[in-house]
Amino acid sequence: MRINGIPATCAKAPVALDDATRSLTASGFYCNWAGIGNVLATVQLTADWQGESPQTIGGRYLIRFNGTGNGSGAGTFRADVR
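Analysis parameters
- For every chain, the first residue of its written sequence is number 1, and the numbers climb from 1 along that sequence.
- It should be noted that, the model being predicted, local features are given only for residues of pLDDT at least 70 and side-chain atom pairs only at 80 or more, the latter also being counted only at that level, while totals for whole chains, interfaces and linings use all residues.
- Only hydrogens and water are set aside; all other atoms, that is, all heavy atoms of the structure, feed into the side-chain values.
- Secondary structure elements are taken from DSSP: a helix is a run of H or I of four residues or more, a strand is a run of E of two residues or more, and numbering for both begins at the N terminus.
- Any two residues whose heavy atoms approach within 4.5 Å are treated as being in contact.
- The method behind every accessible area is Shrake-Rupley, applied with a 1.4 Å probe, and residues are considered shielded solely by the protein chains displayed.
- Between any two strands, pairing holds if DSSP finds at least two bridges.
- Cysteine sulfur atoms that pair up within 2.5 Å are treated as a disulfide.
- Counted as salt bridges are all cases of a side-chain nitrogen of Lys or Arg within 4 Å of a carboxyl oxygen of Asp or Glu.
- Only protein chains enter the accessibility calculation, which uses a 1.4 Å probe; a residue whose area is less than 20% of its type maximum is buried, one above 50% is exposed, and one in between is partly exposed.

Draft legend 1. Structural context of the overall build of the protein chain. Each helix and strand counted, the protein chain has zero helices and seven strands in total. Its helices and strands in sequence order give the protein chain the pattern β-β-β-β-β-β-β, from N to C terminus. Projected onto the principal axes, the alpha-carbon positions of the protein chain cover approximately 40 × 25 × 20 Å. Once local pairs closer than 6 in sequence are excluded, the contacts in the protein chain between residues at least 24 apart make up 25%. For the protein chain, the accessible surface area stands at approximately 5,800 Å², while carbon and sulfur atoms represent 55% of it.

Right, here's the structure in full:
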């Protein structure tokens, strides 16, 4: 992950899968950005479509940061699983 082009260092997070909504949620994991931004992050990915190959999926994401800096966002993603 990069924020303003600077990589963030994040710890591994517990992940919950929800088959009913086809979503993956990683919550409450620690990230540090540029040595000054300490936050707990939550990310949710919901798969809405599969590409021509089974390794390509896409959908919606939600992300939230709480700590030194607070913020949130949503949008779409495409992932090539390898």
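Read on for the rest.
Draft legend 2. Representation of the pairing of strand β6 (residues 56–67) within the structure. Bridge analysis of strand β5 (residues 37–50) against β6 gives 11 bridges, and the strand direction is antiparallel. Note on β6: the bridge partner recorded for Gln50 is Ile57. Hairpin connection from β5 to β6: five residues lie between these consecutive antiparallel strands. With 10 bridges connecting them, β6 and strand β7 (residues 71–80) associate as antiparallel partners. By the bridge assignment, Gly59 is partnered in β7 with Phe77. Between the antiparallel neighbours β6 and β7 lie three residues.

Draft legend 3. Inspection of the state of the cysteines at higher detail. Counted under the stated rule, the structure contains one disulfide. One disulfide in the model links Cys10 with Cys31; its S-S distance is 2.0 Å. Taking the sign of the S-S torsion, 110° for the link of Cys10 and Cys31, the bridge is right-handed. With Cys10 in strand β2 (residues 6–10) and Cys31 in strand β4 (residues 23–33), this residue pair connects regions lying 21 residues apart in the sequence.

Draft legend 4. Inspection of the pattern of salt bridges at higher detail. In total, this model carries two salt bridges according to the counting rule given. Put simply, Asp48 and Arg60 hold a salt bridge, and the shortest N to O gap is 3.0 Å. Here the residue Asp48 occupies a position in strand β5, and Arg60 occupies one in strand β6, the gap between them amounting to 12 residues. Across the pair Arg78 and Asp80 runs a salt bridge whose closest N-O atoms are separated by 3.4 Å. Look at Arg78 and you get exposed, because its relative accessible area is 59%.

Draft legend 5. Seen up close, the pairing of β5. Pairing of β4 with β5, which is carried by nine bridges, proceeds in the antiparallel orientation. When the bridges of β5 are listed, Trp33 appears paired with Gly37. Hairpin connection from β4 to β5: three residues lie between these consecutive antiparallel strands, with Ala34 at a positive phi of about 55°.

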